[in-house]
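A structural walkthrough
Chain by chain, the residues run as shown.
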Amino acid sequence: MTITSTADPVADAPGSPASPARKPGSLVAQDVHAWFGDHQVLSAVDLVMAAGEVTALIGPSGCGKSTFLRILNRMHELVPGAALAGQILLDGQDIYDPSLRPIESRRRVGMVFQKANPFPTMSIYDNVLAGLSLTGQKVKRRGKDNEADALVEHSLRSAGLWDEVRNRLGTPGGSLSGGQQQRLCIARSLAVRPDVLLMDEPCSALDPTSTRRVEETIRQIASEVTVVIVTHNMQQAQRVSDRCAFFLAAEGLPGHIVEQGSTSDVFERPRDERTADYVNGRFG
Ligand SMILES: Nc1ncnc2c1ncn2[C@@H]1O[C@H](COP(=O)(O)OP(=O)(O)OP(=O)(O)O)[C@@H](O)[C@H]1O
């Protein structure tokens, strides 16, 4: 798919990608319902994902966590037959407002996927910058006003990868280990200066050591970008998140949030018996 943009390509405008300062956004889901054709998969989801916090979405397979994540950056509407109702407010503005272009919503709310997907033959350096053209942003890459170098370094530092790749920025992204590739994808997402970063099981393809590095990265980036992460790993949810939402889809019914709260409350003092059973591994 070719994405074209009419965005102003002035690189040094306020809020341009070259400016390193970032501000986490607050995301609020209000009364969200979702369907694939006639099949309703989410019902009445209300969730506040506070600025600068990590929110974990947990729950058994098929309860709608990934669907909810895709609704948060308008990727759900790309699925044929998909529909939704409700509101997603990013810093108070509905991302589905007709005046806001989907491409802008997807820049402000980035996504990191289950399997790392760098461009394998493209250099590490160019991989970091690859998201900019897709979102209509430009940075000056040559001459004394070069802004790209600083942006690449800042993004790789934020993603916890700089020290490992600083001397090999010209080598292909595909030459990195799986865990490094996932952190490269996080750097690529950060380079477009999102307010929120969505992560769909970002460690499920990684070994325990790489998983811990990505988890450290998630904690580090939370000061500059709000994180919403789907995970099946209960220890991971406890290690990385500030707040948790437990989704469940009872037999034949759409998924909904059974319980949400601080991660310590959800794990140590769950109010609902089903939450207690799930977080203690008794089902799912
Ligand atoms: N593209 C699609 N077309 C039709 N139905 C879909 C599609 N994607 C998901 N579904 C259905 O929507 C429901 C929720 O799926 P979703 O992937 O959001 O759940 P999940 O909680 O993320 O599951 P998992 O933990 O296994 O990834 C499931 O019943 C699933 O079969």
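From a predicted model like this one, the values you see are computed outputs, not experimental measurements.

Residues annotated in UniProt with the feature "domain: ABC transporter" (unreviewed entry) correspond here to residues 27–279. When the span residues 27–279 is considered, its composition is 35% helix and 25% strand, and the gap between its end C-alpha atoms is 25 Å.

The alternating pattern of strand 6 (residues 109–112) places Val109 and Met111 and Gly110 and Val112 on opposite faces, both of which are buried. Strand direction decides the pairing type here: strand 6 and strand 7 (residues 196–200), joined by 4 bridges, are parallel. Within the sheet, the bridge partner assigned to Val109 lies in strand 7 and is Val196.

Spatial strand order, 2-1-4-5: 4 strands in an open sheet with antiparallel pairing. The sheet is open, and its two borders are formed by strand 2 (39–49) and strand 5 (93–94), each paired with just one other strand.

Take helix 4 (residues 148–158) next. When we look at burial in helix 4, the residues that qualify are Ala148, Leu151, Val152, His154, Ser155, Leu156 and Ser158. Along its buried surface, helix 4 packs onto helix 3 (124–134), helix 5 (162–165), helix 6 (178–191) and helix 7 (208–221). One or two positions beyond helix 4, positive phi appears at Gly160, with a value near 70 degrees.

Before going further, it helps to spend a moment on the packing of helix 6 against helix 7. The interhelical angle for the contact between helix 6 and helix 7, taken along N-to-C directions, is 20 degrees, at an axis separation of 9 Å. When the axes of helix 6 and helix 7 are compared, the pair comes out roughly parallel. Of the two possible hands of crossing, helix 6 and helix 7 adopt the one that is right-handed. Residues Gly178, Gly179, Gln182, Arg183, Ile186 and Leu190 of helix 6 touch helix 7, and the partners they reach there are Ser210, Arg213, Val214, Thr217 and Ile221.

What counts as what
Just so you know, the residues in each chain are numbered from 1, in the order the chain's sequence is written. Where totals are concerned, whole chains, interfaces and linings use all residues; where local detail is concerned, this predicted model gives features only for residues with pLDDT of at least 70, and gives and counts side-chain atom pairs only at 80 or more. UniProt positions are given in the numbering used here, feature names are shortened, and annotations may be inferred rather than shown by experiment. Every helix listed is a DSSP run of H or I at least four residues long, and every strand listed is a run of E at least two residues long, numbered separately from the N terminus. To sort residues by burial, count the other C-beta atoms lying within 10 Å of each one's C-beta; a count of 20 or more means buried, 12 or fewer means exposed, and anything in between means partly exposed. C-beta atoms are built from the backbone. Strand pairing is assigned whenever DSSP detects at least two bridges linking the two strands. Note that contacts rest on C-beta atoms placed from the backbone: two residues are in contact if these are within 7 Å. As a rule, the C-alpha atoms of each element are fitted with a line to give its axis, helices using only the stretch in contact, and angles between N-to-C directions run from 0 to 180 degrees. If an angle is under 35 degrees, it is roughly parallel; if it is over 145, roughly antiparallel; if it lies from 65 to 115, roughly perpendicular; otherwise it is oblique. Should the near helix be turned anticlockwise from the far one by less than a right angle, the crossing is termed left-handed; should it be turned clockwise, right-handed.

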